[in-house]
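Survey of secondary and tertiary structure
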Amino acid sequence: MNITELAALAGVSKTAVSRYFNGGYLSPEKRAAIDAAVKATGYAPSEAARGLRTRRTRQIGVVMPRLSSESTARVVDGISLVLADKGYRLLLANTANIPAREVEYLDALRQSGVDGLIFLASVFTPEHRAVLKSIHIPVVIVAQQYEGYNCVYHDDLGAARDLTALLIRRGVRPAYIGVTAQDRAAGWARHEGYVQALKQAGLAPRAEEMYLSGFRMEDGYDRARALLAQRRPGGIFCATDAIAIGAMQACREAGLQVGRDVLVAGVGDSAMGRVTAVPLTSAHLHYKTSGQEAAQLMLKLLRRQGAGTRAVCLGYEIIERASTAGPGM
């Protein structure tokens, strides 16, 4: 019996059977069907075929959320600088911020024979946990902290706290436009930093001053318009630069002068934020460095150096620009 015949007997695809024998992610139903077929036939894959999969390919899979994102490009640039110098090629998978596609690509790249995986993560669902558990090659996670795995991430909470505190020192009570808390870094941690800064200043957080947005400039623009239709805050702290740039456009259309009538800050120190009509105050996160650190961790894993896992937290720099200058500046 061959794999095609086994798949037909189990009522699944050959890909599903391959995942079964290589420890990949499968639904409980498919796994049970293949279990039954294997027990009925005694089928086992040839050791020769398995041996082909153990050869080093000098390829590293990189699963990333958005190819168009400046921060992603900076991370990948850092990864490439380190790994290309050591003779490795990158296989890039762009998931368009779709969690289910992240799971698919992680599993597909694992089966493709890459030597390791670098995952630029956003959220962790049960499906993510299952597929990561099934991977038996080195994995490094970037931008999120995930217990049990080598990670390189940013102090998102600290950056958000310091930016919010800056706005408060300028004499305003800032509103907040953030992203889903499922994203522990850009969502939960930056929201928590905003809340901590308010409390440290003796200000009670108000749910009506916090708005949930998508990641795009258009999303920031829409949420800021909704905010301005209800109240005119003295400041707005945004979870990302893209959201902040959209919010600044909404403020201008409402007749507000950014940097005087309303102060705006974001996170990421993007190139676009530096060249807007009113340059954006932001937190510079070391994205390129995070890629380099992730690549160095990967090389150590491939050489089987060290024991346990490492979690590397990178710092940040607050870059003040005209968007938070204040009325007297």
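Residues numbered from 1 in each chain as written. Predicted model: local features only at pLDDT ≥ 70, side-chain atom pairs only at ≥ 80, totals over all residues. Heavy atoms only, no water.

Brief notes about unusual backbone geometry
Where the residue is not glycine, phi is negative for most of them; where a peptide bond is considered, it is trans in most cases. For clarity, the threshold we go by: Segments assigned H or I by DSSP are reported as helices when at least four residues long, segments assigned E as strands when at least two residues long, and all are numbered from the N terminus.
Look at R58: it is not a glycine, yet its phi comes out positive at around 55 degrees. The residue N97 is not glycine, and still its phi comes out positive at about 60 degrees. Looking at where N97 falls in the secondary structure, it is placed in the loop between strand 2 (89–94) and helix 6 (99–112).

Points about the packing of helix 1 (residues 3–10) against helix 3 (residues 28–41)
Selection criterion: Convention adopted: a line fitted to C-alpha atoms gives each axis, helices being fitted over their contacting stretch, and angles between N-to-C directions are expressed from 0 to 180 degrees. Small angles under 35 degrees read as roughly parallel and large ones over 145 as roughly antiparallel, with 65 to 115 read as roughly perpendicular and the rest as oblique. Each crossing gets its hand from how the near helix is turned against the far one by less than a right angle, where anticlockwise is left-handed and clockwise is right-handed. The contact definition used throughout considers only heavy atoms, calling two residues in contact when any of these lie within 4.5 Å. Three classes are used, and their members are as follows: Ala, Val, Leu, Ile, Met, Phe, Trp, Tyr, Cys and Pro are nonpolar, Asp, Glu, Lys and Arg are charged, and the others, Gly among them, are polar.
Where helix 1 meets helix 3, the closest approach of the two axes is 9 Å, and the angle between their N-to-C directions is 120 degrees. Considering the angle they form, helix 1 stands oblique to helix 3. As helix 1 runs across helix 3, the sense of the crossing is right-handed. Packed against helix 1, whose contacting residues are L6, L9 and A10, the element helix 3 presents A33, I34, A37, V38 and T41 at the interface. Here the residues of the contact of helix 1 with helix 3 sort into 7 nonpolar, 1 polar and no charged.

Thoughts on helix 3
As a reminder, the rule being used: Multiply 1.5 Å by the residue count of a helix minus one, and that product is the helix's expected span. Using a 1.4 Å probe on the protein chains alone, a residue whose accessible area is under 20% of its type maximum counts as buried, one over 50% counts as exposed, and one in between counts as partly exposed. As used here, the arc belongs to the directions running from the helix axis to the C-beta atoms.
For helix 3, spanning 14 residues, the distance from its first C-alpha to its last is 20 Å, which sits close to the expected 20 Å at 1.5 Å a residue. Listing the buried residues of helix 3 in full gives I34, A37 and V38. Each buried residue of helix 3 lies within a common arc of 100 degrees when the element is viewed along its axis, so the set occupies one face. Across helix 3 from its buried face, at more than 90 degrees, point the exposed residues P28, E29, K39 and A40. Those residues of helix 3 that are buried are in contact with helix 1 and helix 2 (14–21). Just past helix 3, the residue G42 takes up positive phi, approximately 75 degrees.

Some points on the sheet that holds strand 4 (residues 139–142)
Cut-off, in case you're wondering: Two strands qualify as a pair provided that DSSP identifies no fewer than 2 bridges between them.
Taken together, the 6 strands give an open sheet; going across it, the order is 2-1-3-4-5-11, and neighbouring strands pair in parallel fashion. Bordering the open sheet on either side are strand 2 and strand 11 (311–314), each of which pairs with just one other strand. Along the sheet, successive strands turn relative to each other by an average axial angle of 15 degrees, direction set aside.

Quick word on the pattern of salt bridges
Pairing between side chains becomes possible if they bear opposite charge and their charged atoms approach one another. Quick reminder of the rule: Salt bridges are defined as contacts in which a side-chain nitrogen from Lys or Arg sits within 4 Å of a carboxyl oxygen from Asp or Glu.
All chains considered together, the criterion is met by 11 salt bridges. Here R110 ties to D107 by a salt bridge, and the two come within 3.0 Å at their closest N and O atoms. Placement of both R110 and D107 in helix 6 is noted, with a separation of 3 residues, approximately one turn of the helix. D107 carries the same exposure label as R110, and that label is buried. A salt bridge links D156 to R190; its shortest N-O distance comes to 2.6 Å. Taken together, the positions of D156 in helix 8 (residues 156–169) and R190 in helix 9 (residues 184–200) put the pair 34 residues apart, joining distant regions of the chain. For D156, a relative accessible area of 5% gives the class buried. Connected through salt bridges with shared partners, the residues R173, R206 and E209 form a single ionic network.

Keep in mind these numbers describe shape, not what the thing actually does.
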